[in-house]
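Structural features, examined
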Amino acid sequence: MKRENNSSKIRSTTVLLVHRDGQVAMAGDGQVTLGETVIKGNARKVRRIYNDQILIGFAGATADAFTLLTRFEAKLEQFQGKLERAAIELSKDWRTDKYLRHLEALMIVADKQDAFLLSGKGDVISSDEGLLSVGSGSMYALAAARALLKHTNLPAAEVASEALRIAAEICIYTNSEIVLEEL
């Protein structure tokens, strides 16, 4: 039986998007990990772009994520802020470009109407339930957010923050230094 080399496994942050009652909130933790070591605790992996009309959050290799962020901003400019079109075009480039194909990152992008998870495999995934998540703690945050949406009347921002706090209690690659952005 072949054993997986633990040091080669990609581990990243946690980013969660919540869309509820016309509100959009994206939360991300601040932990940066190199191998098994935490090297920074307050990185900003969620931000506003395109005249503060679009939220973007990323998980994965930092340099790769910033490369994709720059490319995505260029696509938004090219397509006059049309989120879905920019997301699809970036995903096409990401999948087919020899350089971009090797980038190790995932992104969530959102405006007031739409949200998409983008991957280097060409995925442009929207959510039927108003939730998207990426990163090592994403499934914990997603499960917590689902429960909060089902059993509380909390607004989107509070659901996102609380779900990320819950993920931080479980996932060692997620911390409780949360950055929250809302539209």
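Remember, predicted model here, so these are calculated numbers, not experimental data.

Further remarks concern the sheet that holds strand β9 (residues 124–125). Overall, antiparallel pairing links the five strands, which are arranged β5-β6-β7-β8-β9 in an open sheet. The open sheet is flanked by β5 (46–49) and β9, the only strands paired with a single partner. Of the pairings in the sheet, the one linking strand β8 (residues 115–118) to β9 comprises two bridges and is antiparallel in character. Along β9, the bridge assignment pairs L118 with V124.

Right, let's talk about the sheet that holds strand β10 (residues 131–135) for a bit. Judged by pairing direction, the sheet is antiparallel, and its four strands sit side by side in the order β10-β1-β2-β11 without closing on themselves. On the outer flanks of this sheet lie β10 and β11 (179–182), each paired with one strand and no other. Each strand of the sheet is rotated relative to its neighbour by a mean of 10 degrees, with strand direction disregarded. On the sheet, helix α3 (residues 138–151) packs against β1 (14–20) and β10 and is oriented at approximately 160 degrees with respect to β10. The strands touched by helix α4 (residues 156–170) are β1, β2 (23–28) and β11; relative to β1, the strand with the most contacts, the crossing angle is about 155 degrees.

Okay, α3 next. With 14 residues, α3 extends 20 Å from end C-alpha to end C-alpha; this agrees with the ideal 20 Å at 1.5 Å per step. Inspection of α3 places S138, A141, L142, A144, A145, L148 and L149 among the buried residues, and these make up the whole buried set. Around the axis of α3, the buried residues are gathered within 165 degrees of arc, so they sit on the same side. Of the residues in α3, the exposed ones pointing more than 90 degrees away from the buried face are M139, K150 and H151. In this fold, the buried residues of α3 make contact with β1, β10 and α4.

Take the side chain of S161 next. Mapping S161 onto the fold places it in helix α4. Other than its neighbours up to four places away in sequence, S161 contacts A27, I178 and L180.

Calculation criteria
- Residues numbered from 1 in each chain as written.
- Predicted model: local features only at pLDDT ≥ 70, side-chain atom pairs only at ≥ 80, totals over all residues.
- Heavy atoms only, no water.
- Pairing = 2+ DSSP bridges.
- Helix = DSSP H or I, 4+ residues; strand = E, 2+ residues; numbered from the N terminus.
- Axes fitted to C-alpha atoms, helices over the stretch in contact; angles between N-to-C directions.
- Contact = heavy atoms within 4.5 Å.
- Expected span 1.5 Å × (residues − 1).
- Buried < 20%, exposed > 50% of the residue type's maximum accessible area, 1.4 Å probe, protein only.
- Arc of directions from axis to C-beta.

Without other data, these values stay purely geometric and don't point to any function.
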